[in-house]
Amino acid sequence: MKAAADNALFQAPNQKKLVLLWTSISIAFPLLVSVCNFMLNTQIAETGGLSGIGLRSILSTIQSALSTATSFLIPFWTLGYTATVLRFSRNESADSTTLLEGFRRFGPALRAMILKTIICTAAGFAAVYAGIILLSLTPLVRPVYQILEQNQSTLMSGTLDESMMEAMIPAMMPITLICCVLCFVVLLPILYRLRLTDFCLLDADNRSALFAIHESRRLMR
């Protein structure tokens, strides 16, 4: 495998330049957004009083849009890197335009990301919910019940007592840890099966997100 990888990289003389280009933009774009956010925060701090409400709203909206753009665009840029490396592994030519492959497959890639998120979120919620139901039948929940009984009047009034919340944190810690472990155990095989989704999506033209997920499950099995 190492020899095959060395040979593939040897056949791609521009691989260092492409990796450097991808890494530079991956670092520079979030850095630029951070600088813009800092400048916007400075401007927002200087717009005090009622007269500056409109300007503060505009600057805050720009700030939120920049942060959202970073989180939204980076996965597609990373998918372009995957496409480039996939071509390296097959001794196919790749150039700087290959790094934009994730954006060219924007629709299927976005649907694949959404489907993977839905699958993992649903599995995680199911695991946590089942864990809470099972743990509610064990002695681990007795400290929680005791705290709730002691603060029943506070709960009936609809107010949150700070001392009660502080006492609930250590009481809930064992349940939280067990639910996290259970969630990890459930998600691990699912994430393993979805591991090749991006590769299957890039493997040929006009491949749908559902096909890529199904193919990834088949190949990983």
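You'll find the structure just up there.
Everything numeric here is computed off the predicted structure, so don't read it as measured data. (Residues numbered from 1 in each chain as written. Predicted model: local features only at pLDDT ≥ 70, side-chain atom pairs only at ≥ 80, totals over all residues. Heavy atoms only, no water.)

Participant: Explain the pattern of salt bridges to me, please; I cannot follow it from the model alone.
Facilitator: When charged atoms on two side chains of opposite charge get close, those side chains can pair. Taken as a whole and judged by the stated rule, the model has five salt bridges. R218 is paired through a salt bridge with E215; the nearest N and O atoms lie 2.6 Å apart. Of the two residues, R218 and E215 are both situated in helix 10 (residues 209–220); the distance of three residues between them amounts to about one turn of the helix. Salt bridges here are not isolated pairs; linked through shared partners, they connect E101, R104 and R105. (Salt bridge = Lys/Arg side-chain N within 4 Å of Asp/Glu carboxyl O. Helix = DSSP H or I, 4+ residues; strand = E, 2+ residues; numbered from the N terminus.)

Participant: Please clarify how the environment of E101 should be interpreted in this entry.
Facilitator: As for its position among the elements, E101 is in helix 4 (residues 101–104). Under the relative-accessibility criterion, E101 is labelled buried at 12%. As a C-alpha pair, E101 and T82 span 19 residues in sequence and 9.0 Å in three-dimensional space. In this view, E101 contacts G80, A83, R87 and L202; residues no more than four positions away in its chain are not counted. (Buried < 20%, exposed > 50% of the residue type's maximum accessible area, 1.4 Å probe, protein only. Contact = heavy atoms within 4.5 Å.)

Participant: Any chance you could explain unusual backbone geometry here in plain terms?
Facilitator: Comment: phi is negative for the bulk of residues other than glycine, and the bulk of peptide bonds are trans. Of note, the phi angle at N91 is positive, near 60°, even though the residue is not glycine. Tracing the chain through its elements places N91 in the loop between helix 3 (53–89) and helix 4. The class for N91 is partly exposed, based on a relative accessible area of 47%.

Participant: How should the packing of helix 2 (residues 15–46) against helix 3 be read in this particular structure?
Facilitator: Axes are the key here: two packed helices are described by the angle between their axes and the distance separating the axes. Look at helix 2 against helix 3: their axes get within 10 Å of each other, and the N-to-C directions meet at 175°. Classified by the angle their axes make, helix 2 and helix 3 are roughly antiparallel. The residue makeup of the contact of helix 2 with helix 3, split by class, is 20 nonpolar, eleven polar and one charged. (Axes fitted to C-alpha atoms, helices over the stretch in contact; angles between N-to-C directions. Parallel < 35°, antiparallel > 145°, perpendicular 65-115°, else oblique. Nonpolar A, V, L, I, M, F, W, Y, C, P; charged D, E, K, R; others polar.)

Participant: I tried to follow a nonpolar patch on the surface on my own but got confused; where do I start?
Facilitator: Together, F72, L73, L100, F103 and F106 make up a nonpolar patch on the protein surface, roughly 380 Å² of accessible area in all. Positionally, L100 belongs in the loop between helix 3 and helix 4. (Patch = residues over 30% accessible without salt bridge, like charges linked within 9 Å, V, L, I, M, F, W, Y side chains within 5 Å. Areas by Shrake-Rupley, 256 points an atom, 1.4 Å probe, with all protein chains shown as cover.)

Participant: Just checking my understanding: could you explain the state of the cysteines for this structure?
Facilitator: Two cysteines joined by a covalent bond between their sulfur atoms form a disulfide. Enumeration over the complete set of coordinates arrives at zero disulfides. With no disulfide partner, C180 has as its closest neighbouring cysteine sulfur the one in C183, 7.1 Å distant. (Disulfide = S-S within 2.5 Å.)

Participant: Got a minute to help me understand the packing of helix 5 (residues 106–135) against helix 8 (residues 162–193) in this structure?
Facilitator: The contact between helix 5 and helix 8 brings their axes to 9 Å, and the two run at 145°. As helix 5 packs across helix 8, the resulting crossing turns out to be right-handed. Where helix 5 abuts helix 8, its residues I119, C120, A123, G124, A127, V128, G131, I132 and L135 lie against I175, I178, C179, L182, C183, V186, L187, I190 and L191. Here the contact of helix 5 with helix 8 is composed, by residue class, of 16 nonpolar, two polar and no charged. (Left-handed = near helix turned anticlockwise from the far one by under 90°.)

Participant: Just checking my understanding: could you explain the packing of aromatic side chains for this structure?
Facilitator: Aromatic rings in a pair are described by how distant their centres are and how their planes are angled relative to each other. All chains considered together, the criterion is met by five aromatic pairs. Ring geometry for F76 versus F106: centroids 4.7 Å apart, planes at 25°, classification stacked. Taken together, the residues F76 in helix 3 and F106 in helix 5 connect sequence positions 30 residues apart. Among the residues examined, F76 registers a relative accessible area of 1% and is labelled buried. (Phe/Tyr/Trp six-rings, centres within 6.5 Å; stacked < 30°, edge-to-face > 60°.)

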